[in-house]
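# Observations on the three-dimensional arrangement
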Amino acid sequence: MYTEPKIPQRTIQGFLERFNLLQKTDAIAKMHQRKWGKADRARELVQEETINNLTLEQADELYRCLPVSQRGRPLFLSNPIKDIREGLWFLLWEQLMYEMRVYEFLDQGGWLKGGDLSLVAALLCIKDPDLYGLINTNTEKGLKALGMYPTFEKNESQAGRFQKVQETLFYLFRLSGLRDLRETDDFLEALAKGMLSPAQTS
């Protein structure tokens, strides 16, 4: 279930208008390039045939192309390549609802070392940017600024947290009229970094 905004719609509209103005400057272009500049190559590497035959070198390249912190890359690459192939295929290509795939991947003992919430979100976003968004510190800060960050149960599963955030991101994407969930993430990052305050965009 998505979380509706707890601030007036006109306030959200003001943020969006300032974001649209900022998109005409280098600030958003540089942010977008930093995160998504290698997205096309990452999308090639997550295709089913490639995943089934993935080499360790390709796994390394894939991780480097993802819009995630690279601190977790050595741990991720310490997994046997067979496990990396099987884990990524299950997450991205198994014919199950995404909630079940994420639950099995994250909550059932963990398929891969270093396979956390942000990595799962980034992989799914690269494959389907119209359906899934990133989950990271900027996502949390941006949603909190809109009064939209979900409330979690005390012992909520990682998959449950993932689902609540994704449904809220999708709701924001549809509400805002942004192009996809990558642009929605750019909006949230700009908001989280204080780039959309009137003083910053005037």
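Residues numbered from 1 in each chain as written. Predicted model: local features only at pLDDT ≥ 70, side-chain atom pairs only at ≥ 80, totals over all residues. Heavy atoms only, no water.

## Remarks on the overall build of the chain
Note the following rule: A run of H or I in DSSP becomes a helix once it reaches four residues, and a run of E becomes a strand once it reaches two; helices and strands are each numbered from the N terminus. Atoms considered for the radius of gyration are the C-alpha atoms alone. The globule rule reads 2.2 Å times the number of residues to the power 0.38. Contacts were defined at the residue level, with two residues in contact if any of their heavy atoms lie within 4.5 Å. In short, Shrake-Rupley with a 1.4 Å probe defines the accessible areas, and a residue's cover is counted only from the protein chains shown. We score Asp and Glu as negative and Lys and Arg as positive, and we do not count His or the chain ends. By convention, the charge on Lys lies at NZ, on Arg at CZ, on Asp at CG and on Glu at CD.
For the chain, the count of helices and strands is 13 helices and zero strands. Ordered by position in the sequence, the α and β elements of the chain form the string α-α-α-α-α-α-α-α-α-α-α-α-α. Taking 202 residues into account, the globule formula puts the C-alpha radius of gyration at 17 Å, and the chain, at 17 Å, falls close to it. Oriented by its inertia axes, the alpha-carbon framework of the chain measures out at about 50 × 40 × 25 Å. Taking the intrachain contacts of the chain between residues at least 6 apart in sequence as the baseline, contacts between residues at least 24 apart amount to 68%. For the chain, the accessible surface area stands at approximately 10400 Å², while carbon and sulfur atoms represent 50% of it. Both charge centroids of the chain, one from 27 positive and one from 28 negative side chains, sit 7 Å from each other.

## Looking at helix α2 (residues 26–36)
Here is the rule: Only protein chains enter the accessibility calculation, which uses a 1.4 Å probe; a residue is then buried when its area is under 20% of its type maximum, exposed when over 50%, and partly exposed in between. Throughout, the arc means the angular range of directions from the helix axis out to the C-beta atoms. N or O atoms closer than or at 3.5 Å make up a polar contact, with two conditions inside protein: a donor-capable atom paired with an acceptor-capable one, and, for residues adjacent in sequence, both atoms drawn from side chains.
All of the buried residues in α2 are Ile28, Met31, Lys35 and Trp36. Seen from one end, α2 has its buried residues packed into an arc of 100°, which puts them on one side. The exposed residues of α2 that point more than 90 degrees off its buried face are Asp26, Lys30, Gln33 and Arg34. Buried residues along α2 sit against α1 (9–22), α3 (39–45), α5 (56–65), α9 (117–127) and α12 (181–192). For α2, the capping residue at the N-terminal end is Thr25, with a side-chain oxygen 3.4 Å from the backbone nitrogen of Ala27.

## As for the packing of helix α10 (residues 137–145) against α12
For the record, the criterion: The convention used is that axes are lines fitted to C-alpha atoms, helices contributing only their stretch in contact, and that angles between N-to-C directions extend from 0 to 180 degrees. Any angle that is under 35 degrees is reported as roughly parallel, and any over 145 degrees as roughly antiparallel; angles of 65 to 115 degrees are reported as roughly perpendicular and all others as oblique. The residue classification treats Ala, Val, Leu, Ile, Met, Phe, Trp, Tyr, Cys and Pro as nonpolar and Asp, Glu, Lys and Arg as charged. All others, Gly included, are polar.
As a packed pair, α10 and α12 sit with axes 8 Å apart at the nearest point and diverge in direction by 75°. Of the possible angle classes, the one that applies to α10 and α12 is roughly perpendicular. Taken together, the residues of α12 that come into contact with α10 (itself represented by Asn138, Thr139, Lys141, Gly142, Leu143 and Ala145) are Asp185, Leu188, Glu189, Leu191 and Ala192. Class assignment for the residues of the contact of α10 with α12 results in five nonpolar, three polar and three charged.

## A look at the layout of surface pockets
The test is simple: Using only the protein atoms, space was sampled on a 1 Å grid; points where a 1.4 Å probe fits but cannot get out form cavities, open sets with protein on both sides within 12 Å along at least five of seven lines form pockets, and lining residues are those with an atom within 4 Å of a point. Grid points are joined across faces, edges and corners, and a volume is the space filled by probe spheres set on the points.
A volume near 540 Å³ is recorded for the largest pocket. Taken together, 28 residues form the lining of the largest pocket, with Pro67, Val68, Ser69, Gln70 and Asn136 sitting closest to its centre. Contributions of two or more residues to the lining of the largest pocket are made by α2, α5, α9, α10 and α12. Its residues assigned to classes, the lining of the largest pocket shows nine nonpolar, 10 polar and nine charged. Lining the second largest pocket are Leu117, Ser118, Ile135, Asn136, Thr137, Thr139, Glu140, Tyr149, Phe152, Arg161 and Val165. Elements supplying a minimum of two residues to the lining of the second largest pocket: α9, α10 and α11 (158–176). Of all the elements, α10 adds the most residues to the lining of the second largest pocket, at three residues. In terms of residue class, the lining of the second largest pocket is made up of five nonpolar, four polar and two charged.

## Some remarks on the packing of aromatic side chains
Our working rule: Centre distance within 6.5 Å is the pairing criterion for rings of Phe, Tyr and Trp, where only the six-membered ring of Trp is used; planes under 30 degrees apart are then read as stacked, over 60 as edge-to-face, and the remainder as tilted.
Overall, the coordinates contain seven aromatic pairs when judged by the stated rule. Here Tyr98 and Tyr132 contribute two aromatic rings whose centre-to-centre distance is 5.4 Å and whose plane-to-plane angle is 80°, an arrangement assigned as edge-to-face. In this pair, Tyr98 is assigned in helix α8 (residues 98–107) and Tyr132 in the loop between α9 and α10, connecting sequence segments 34 residues apart. Classification of Tyr98 by relative accessible area gives buried; the value is 15%.

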